Amino acid sequence: LIEAQLVETFLLSTLNFQTLVATKAARITEAAQNRSVFDFGFRRAHGPGAAMLATRAAMIGGCTGTSNVLAAKELGIPSVGTMAHSWVMAHDTEKEAFDSFVKFFPGATILIDTFDTAEGARLASKIPGIGAVRIDSGDLAAEAANVRRILVAAGRFDCKIVASGDLNEYKVARLLTAGAPIDSFGV
């Protein structure tokens, strides 16, 4: 009996974790109404092994890319990383952070809400090679609408908006119901 319970515990913990992640990813991708949803879960996983399993499960659940570079490489899935607030803080100016990031990662997604989202959007709109901007905090619907106005005014119709920051299927659905001009989500 004890041997069976040990095996059962291992199997249940492995299957339950992965089905939990896959189910949550499926709910969020459904709420996203055909917009891309990216797995940003590595930092919340219970270790690197769990992060690999979670990334795989998120992809099964419908995510279209991951910030987990090792999982992207080993599983053959798109890597969709973005800059962190710490990257911005490690530079003397936000513009310097954006310029250096795009130099290393052409077509990158730039995090614009470290200090002032509108100012970050204005700076990003002037830098060639930025594929998207990411908003990670605040009123995401209002911020996205304002960012979209700034990007359009600068002629940056090609620049996408990615939203992240404690999102779930209910928050994604509310954002889209409110008409937020968000192109994809990092969850």
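Computed from a predicted model, the values in this text were never measured in an experiment.

Draft legend 1. How the structure looks around the sheet that holds strand β5 (residues 160-164). In space, the 6 strands of this open sheet follow the order β2-β1-β6-β5-β4-β3, with parallel pairing throughout. The strands lining the two open edges of the sheet, one partner per strand, are β2 (65-66) and β3 (109-111). In this sheet, strand β6 (residues 184-186) lies alongside strand β1 (residues 36-39) in parallel orientation, the contact comprising 3 bridges. Looking at the pairing, F38 lines up with G186 of β6.

Draft legend 2. Quick peek at the packing of helix α5 (residues 94-104) against helix α6 (residues 117-125). Orientation of α5 relative to α6, taken along the N-to-C sense of each, is 45 degrees, at an axis distance of 10 Å. Looking at the two axes, α5 sits oblique to α6. For the pair α5 and α6, the crossing hand works out as right-handed. Residues E94, K95 and F98 of α5 pack against G120, L123 and A124 of α6. Classifying every residue of the contact of α5 with α6 gives 3 nonpolar, 1 polar and 2 charged.

Draft legend 3. Structural detail: helix α8 (residues 169-177). If you check which residues of α8 are buried, you get E169, V172, L175 and L176. Seen from one end, α8 has its buried residues packed into an arc of 125 degrees, which puts them on one side. Exposed residues lying more than 90 degrees from the buried face of α8 are Y170, R174 and T177. Close packing links the buried residues of α8 with α1 (2-31), α7 (140-153) and β6. Taking the backbone nitrogen of Y170 as reference, a side-chain oxygen 2.9 Å away marks N168 as the first, capping residue of α8.

Conventions used here
All residue numbers here refer to positions counted from 1 along the written sequence of the relevant chain. Note on the predicted model: pLDDT of at least 70 is required for a residue's local features to be given, and 80 or more for side-chain atom pairs to be given and counted; whole-chain, interface and lining totals, by contrast, use all residues. In computing side-chain properties, one takes all heavy atoms of the structure into account and sets aside hydrogens as well as water. We treat two strands as partners when DSSP finds at least two bridges between them. In DSSP terms, a helix is any run of H or I states spanning at least four residues, a strand is any run of E spanning at least two, and both are numbered starting from the N terminus. Here an angle of 0 to 180 degrees is reported between the N-to-C directions of two axes, which are lines fitted to C-alpha atoms, with helices fitted over the stretch in contact. Note on terminology: angles under 35 degrees are roughly parallel, angles over 145 are roughly antiparallel, angles of 65 to 115 are roughly perpendicular, and the others are oblique. The crossing is said to be left-handed when, going from far helix to near helix, the turn is anticlockwise and less than a right angle, and right-handed when the turn is clockwise. Every residue pair with non-hydrogen atoms within 4.5 Å of one another is taken to be in contact. When residues are sorted by character, Ala, Val, Leu, Ile, Met, Phe, Trp, Tyr, Cys and Pro go into the nonpolar class, Asp, Glu, Lys and Arg into the charged class, and all the rest, Gly among them, into the polar class. Here the term buried applies to any residue with accessible area under 20% of the maximum for its type, exposed to any over 50%, and partly exposed to those in between, with areas from a 1.4 Å probe on protein chains only. This arc corresponds to the set of directions leading from the helix axis out to the C-beta atoms. Pairs of N or O atoms are called polar contacts if they sit within 3.5 Å, as long as, within protein, a hydrogen donor faces a hydrogen acceptor (for residues adjacent in sequence, only side-chain-to-side-chain pairs).

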